[in-house]
Amino acid sequence: MGPIRIPSPTSTSTSTRTLAEILDAAAEGRFPPPDGGTTVVPQQNPRDAGVIAFTAHSVVFTDEDPEWVRSTLAAIDADALAATMNARFLAALLDRTGRRTDTIDLLTVADALPGGPPLELREIEDPDHPRVRRAHGRRDDVRVWAARGGVLALGRGVAGRWEVAIEVDEAVRHRGLGRELALAARHLVPDGAPVWSQQATGNARSVRAFQAAGYRPVGAESLMLAPA
């Protein structure tokens, strides 16, 4: 099943791109048309489903029937541009798929940087480390590094994109370590690929750290995980 565009009053064209292709283009600053439409694409692996809202265009990645997505969105009593991130639509999608979610995130991306990271890091291979366990539950090809007072995890997440997550100990917060870890990921990402990260929209401290490290806002994302 290929991508299906849900028609809107201003856009009825059809996309043939996969989610990975849409994300690759967004990383280069080429976004879906701001036509108020919604594109439905299949999941690229059984683990990840969800919604990404770009400017005036959304992408729903799910193996559910696109006609169900269409009719459910049409029934939402909300601004059409906000329907895919409306709590009623997200709850309906969670109920239909039996999945779970944490929050709506700000989706950001940054280009790779040459050379080694300007921060002393020690790679962690202990499978029982909490950050390692969490990373393996959400990503593939995971590697985890520790700095004095912080942890950085890098792995392949949604549609195979490289994603970074960081954690800073409370005792060393407000010293720039979050920014340094986020910046280090840009040196560690393999093959010069872009590196993606999600920040909870209410976590202003994390948002500021990633933007200070050069991560660009791309859209909003609600990631729906398979049942534990």
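Here, every reference points to the structure presented above.
Conventions and cut-offs
- Residues numbered from 1 in each chain as written.
- Predicted model: local features only at pLDDT ≥ 70, side-chain atom pairs only at ≥ 80, totals over all residues.
- Heavy atoms only, no water.
- Pairing = 2+ DSSP bridges.
- Helix = DSSP H or I, 4+ residues; strand = E, 2+ residues; numbered from the N terminus.
- Contact = heavy atoms within 4.5 Å.
- Core = buried A, V, L, I, M, F, W, Y, C linked by side-chain atoms within 4.5 Å.
- Buried < 20%, exposed > 50% of the residue type's maximum accessible area, 1.4 Å probe, protein only.
- Expected span 1.5 Å × (residues − 1).
- Arc of directions from axis to C-beta.
- Axes fitted to C-alpha atoms, helices over the stretch in contact; angles between N-to-C directions.
- Left-handed = near helix turned anticlockwise from the far one by under 90°.
- Nonpolar A, V, L, I, M, F, W, Y, C, P; charged D, E, K, R; others polar.

Peer 1: Give me the lowdown on the pairing of strand S7 (residues 140-147), citing residues and values where you can.
Peer 2: Here three bridges tie strand S6 (residues 122-124) to S7, and the two strands are oriented antiparallel to one another. Residue pairing in the sheet places Glu123 in a bridge with Trp145 of S7. Two elements, S7 and strand S8 (residues 150-156), share six bridges in a ladder whose sense is antiparallel. Along S8, the bridge assignment pairs Arg143 with Leu154. The hairpin formed by S7 and S8 contains two residues between the paired strands, and Gly149 there has a positive phi angle of roughly 95 degrees.

Peer 1: Before we move on, can you summarise the environment of Gly178 with the specific residues and values?
Peer 2: Secondary-structure assignment places Gly178 in helix H5 (residues 177-188). Once the C-alpha coordinates of Gly178 and Asp77 are considered, the two residues, 101 residues apart in sequence, prove to be 39 Å apart. Look past the residues within four positions of Gly178 in its chain and what remains in contact with it is Ile166, Val168 and Ala209.

Peer 1: Describe the nonpolar core, listing the residues and the values that go with them.
Peer 2: Counting residues in hydrophobic clusters, the biggest one holds 22 residues, and the most contacted among them are Leu152, Leu154, Val164, Leu181, Val195 and Tyr215. When residues of this core are traced back to their parent elements, those giving at least two are S7, S8, strand S9 (162-168) and H5. Looking at which element gives the most residues to this core, the answer is H5, with five residues. Not counting chain neighbours up to four residues away, the residues in contact with Val195 comprise Thr108, Val109, Ala110, Leu154, Trp162, Glu163, Val164, Arg186, Val189 and Tyr215. Within the second largest apolar cluster, 19 residues are counted, among which are Val41, Ile52, Phe61 and Val218.

Peer 1: Pulling in residues and values, what's your account of H5?
Peer 2: Between its terminal C-alpha atoms H5 stretches 16 Å, which fits the 16 Å expected from twelve residues at 1.5 Å a residue. Among all positions of H5, only Leu177, Gly178, Leu181, Ala182, Ala184, Ala185, Arg186 and His187 are buried. Residues of H5 that are buried in the fold lie against strand S5 (104-110), S7, S8, S9, strand S10 (195-200) and helix H6 (204-212).

Peer 1: I'd like to hear about the pairing of S8, residue by residue, with values.
Peer 2: Summarising burial for S8: six of the seven residues are buried, a large majority. Here S8 runs beside S9; their pairing, made up of seven bridges, is antiparallel. Residue pairing in the sheet places Arg156 in a bridge with Trp162 of S9. Joining the antiparallel neighbours S8 and S9 is a turn of five residues, in which Ala159 adopts a positive phi near 55 degrees.

Peer 1: Got a sec to walk through H6? Specific residues and values, please.
Peer 2: Taken as a whole, H6 has its buried residues at Ser206, Val207, Ala209 and Phe210. The buried residues of H6 all sit within an arc of 165 degrees when viewed along its axis, so they share a single face. The outward face of H6, more than 90 degrees from its buried face, is lined by the exposed residues Arg208 and Ala212. Of the residues flanking the end of H6, it is Gly214, one or two places downstream, whose phi is positive at about 95 degrees.

Peer 1: Give me the packing of helix H2 (residues 66-74) against helix H3 (residues 87-97): which residues, what numbers.
Peer 2: Contact geometry of H2 with H3 gives a least axis separation of 10 Å together with a crossing angle of 145 degrees. Once H2 is placed against H3, the crossing between them reads as right-handed. Residue-level contacts link Trp68, Val69, Thr72 and Leu73 of H2 to Phe89, Ala92, Leu93 and Arg96 of H3. The class makeup of the residues in the contact of H2 with H3 is six nonpolar, one polar and one charged.

Peer 1: Tell me about the environment of Ala146, and please be specific about residues and values.
Peer 2: Relative to the elements of secondary structure, Ala146 occurs in strand S7. In this structure, the C-alpha to C-alpha distance between Ala146 and Leu94, residues 52 residues apart in sequence, is 34 Å. Setting aside residues up to four positions removed in sequence, Ala146 forms contacts with Glu120, Leu121, Arg122, Ile124 and Val151.

Peer 1: Residues and numbers for unusual backbone geometry, please.
Peer 2: Negative phi values dominate among residues other than glycine, just as trans dominates among peptide bonds. Phi is positive for Ala56, close to 55 degrees, though the residue is something other than glycine. In this fold, Ala56 is placed in the loop between strand S3 (48-54) and strand S4 (57-61). Not every positive phi belongs to a glycine, and Asp141 is a case in point at roughly 50 degrees. Within the element layout of this structure, Asp141 appears in strand S7.

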